[in-house]
Amino acid sequence: MAESTNRPLNGKTVLITGAARRLGRASALALARAGADVAITFRNSAREAQHTVIDLSSFGVRAVALRCDITDQKSVRRTLKEAVKELGGLDILVNNAANYETAEFEKITLRQWDAIFASNTRGPFLVSQEALKYLRERRGKIINMGSLGGLRPWASHAHYCCSKAAVHMLTKVMAKALAPEIAVNCVAPGMIDLGDKAAAAFMKRMSKLTPARRNGTGEEVADAVLFFATAPHFITGQILAVDGGLGL
Ligand SMILES: NC(=O)c1ccc[n+]([C@@H]2O[C@H](COP(=O)([O-])OP(=O)(O)OC[C@H]3O[C@@H](n4cnc5c(N)ncnc54)[C@H](OP(=O)(O)O)[C@@H]3O)[C@@H](O)[C@H]2O)c1
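First things first, this report covers the structure right here in the doc. Values in this document were obtained by computation on a predicted structure and should not be read as measured data.

Conventions we followed
Residues numbered from 1 in each chain as written. Predicted model: local features only at pLDDT ≥ 70, side-chain atom pairs only at ≥ 80, totals over all residues. Heavy atoms only, no water. Near = heavy atom within 4 Å. Polar contact = N/O pair within 3.5 Å; in protein donor to acceptor, adjacent residues only side chain to side chain. Areas by Shrake-Rupley, 256 points an atom, 1.4 Å probe, with all protein chains shown as cover. 1 Å grid on protein atoms, 1.4 Å probe; cavity = no way out; pocket = protein on both sides within 12 Å on 5 of 7 lines; lining within 4 Å. Sits in = over half its atoms within 2 Å of the grid points. Helix = DSSP H or I, 4+ residues; strand = E, 2+ residues; numbered from the N terminus. Nonpolar A, V, L, I, M, F, W, Y, C, P; charged D, E, K, R; others polar. Axes fitted to C-alpha atoms, helices over the stretch in contact; angles between N-to-C directions. Left-handed = near helix turned anticlockwise from the far one by under 90°. Contact = heavy atoms within 4.5 Å. Points joined across faces, edges and corners; volume = space filled by probe spheres on them. Pairing = 2+ DSSP bridges.

Some thoughts on the site of the ligand
Okay, so step 1: Near the ligand lie 25 residues; those nearest to it are Arg22, Arg43, Asn44, Ser45 and Asn96.
Okay, so step 2: Interatomic distance of 2.8 Å between a side-chain N/O atom of Arg22 and an oxygen atom of the ligand.
Okay, so step 3: Contact distances for the ligand include 2.7 Å between an oxygen atom and a backbone N or O atom of Arg43.
Okay, so step 4: When the ligand sits alone it has 880 Å² of accessible area, and the protein chains cover 90% of it.
Okay, so step 5: Of the pockets mapped on this structure, the ligand occupies the largest pocket.
Okay, so step 6: Where the shell around the ligand is concerned, the elements lending two or more residues are helix 2 (22-33) and helix 6 (158-177).
Okay, so step 7: For the shell around the ligand, the residue count by class is 11 nonpolar, 9 polar and 5 charged.

And the structure:
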């Protein structure tokens, strides 16, 4: 009884993309702490991925890191097969990998627009599509990472905001299309302070504009991912802002 309360994801398997570092790593750790076996993917951060695997394993779960480019169908297909082979199945997919870029509207090139959409929108679509057959077998869950920028227009992030707004809609469409077997939800973080020194002044400014009077932490975003991972299957198609009220 105590075991199922402390480790509600015991016996569950998770694939989380782009989780070598930052928010993906925080979510992977929260899910492993809750008892899940976890496969993380990385693209360039091989060293950080190995470090994260060691930390995940310290919770007594199975952990593995796989290289994957979410814009490439072959790479995604291979990763899904390897993850399922390593973990024995798939219960939860977390579409975390993405790119963020600041650019004045007039200066966004077609190449920049397409690159952001390829990773942020087409990526979660592609990984989800490839994961479907495995998730259906387990009555699984998909958790997408959206953004407050997908709910509110940020003038210097048109391509990013549109790519994340599309992820929010993808969440709702998939929740309907993949029901009743698969529940699909989305976490939309606001200003999250990950200790980046270059962003310190901006973060300070944003904390003053936030009703909570501070920025969020990686652990708070991870807790929202954990919430959907452990939530009743009846909760589906939801976008959960984790923003201290900034979007209100
Ligand atoms: N940080 C925030 O404040 C914030 C706010 C709102 C929303 N979010 C969303 O929350 C999620 C995590 O945020 P984050 O700041 O931790 O993300 P991040 O550091 O910008 O990116 C996470 C990982 O995505 C991977 N990635 C990028 N392009 C990829 C591709 N084509 N194929 C495979 N992997 C790729 C990178 O892996 P490698 O390092 O291995 O190359 C990177 O480490 C993202 O979806 C982000 O948009 C974050």
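Quick notes on the packing of helix 4 (residues 73-87) against helix 5 (residues 110-137)
Okay, so step 1: Interhelical geometry of helix 4 versus helix 5 gives an angle of 35° and a closest axis separation of 9 Å. The way helix 4 lies across helix 5 gives a crossing that is right-handed. In this structure, helix 4 uses Gln73, Val76, Arg77, Leu80, Lys81 and Val84 to contact helix 5, whose residues at the interface are Leu126, Val127, Glu130, Ala131 and Tyr134.
Okay, so step 2: Classifying every residue of the contact of helix 4 with helix 5 gives 7 nonpolar, 1 polar and 3 charged.

Quick word on unusual backbone geometry
Okay, so step 1: The linkage connecting Ala179 with the following residue, Pro180, adopts the cis geometry, with an omega of 5°.
Okay, so step 2: Following the sequence through the fold, Pro180 ends up in the loop between helix 6 and strand 6 (183-189).
Okay, so step 3: For Arg22, which is not glycine, the phi dihedral falls at a positive 55°.
Okay, so step 4: Within the fold, Arg22 resides in helix 2.
Okay, so step 5: Although it is not a glycine, Arg139 adopts a positive phi angle of roughly 50°.
Okay, so step 6: Locating Arg139 in the fold gives a position in the loop between helix 5 and strand 5 (141-145).

Description of the layout of surface pockets
Okay, so step 1: Put simply, the largest pocket is a space of about 1,200 Å³.
Okay, so step 2: What lines the largest pocket is a set of 38 residues, among which Arg22, Leu23, Ala98, Asn99 and Tyr100 lie closest to the centre.
Okay, so step 3: No other element matches the 3 residues that helix 2 contributes to the lining of the largest pocket.
Okay, so step 4: Per-class residue counts for the lining of the largest pocket are 18 nonpolar, 13 polar and 7 charged.

Description of the sheet that holds strand 7 (residues 239-242)
Okay, so step 1: What the 7 strands build is an open sheet, ordered 3-2-1-4-5-6-7; its pairing is parallel. For this open sheet the edge positions go to strand 3 (63-67) and strand 7, each flanked by a neighbour on one side alone. In this sheet, neighbouring strand axes are inclined to one another by 20° on average, regardless of whether the strands run parallel or antiparallel.
Okay, so step 2: With 5 bridges joining them, strand 5 and strand 6 adopt parallel strand pairing. Bridge pairing links Ile142 to Val184 in strand 6.

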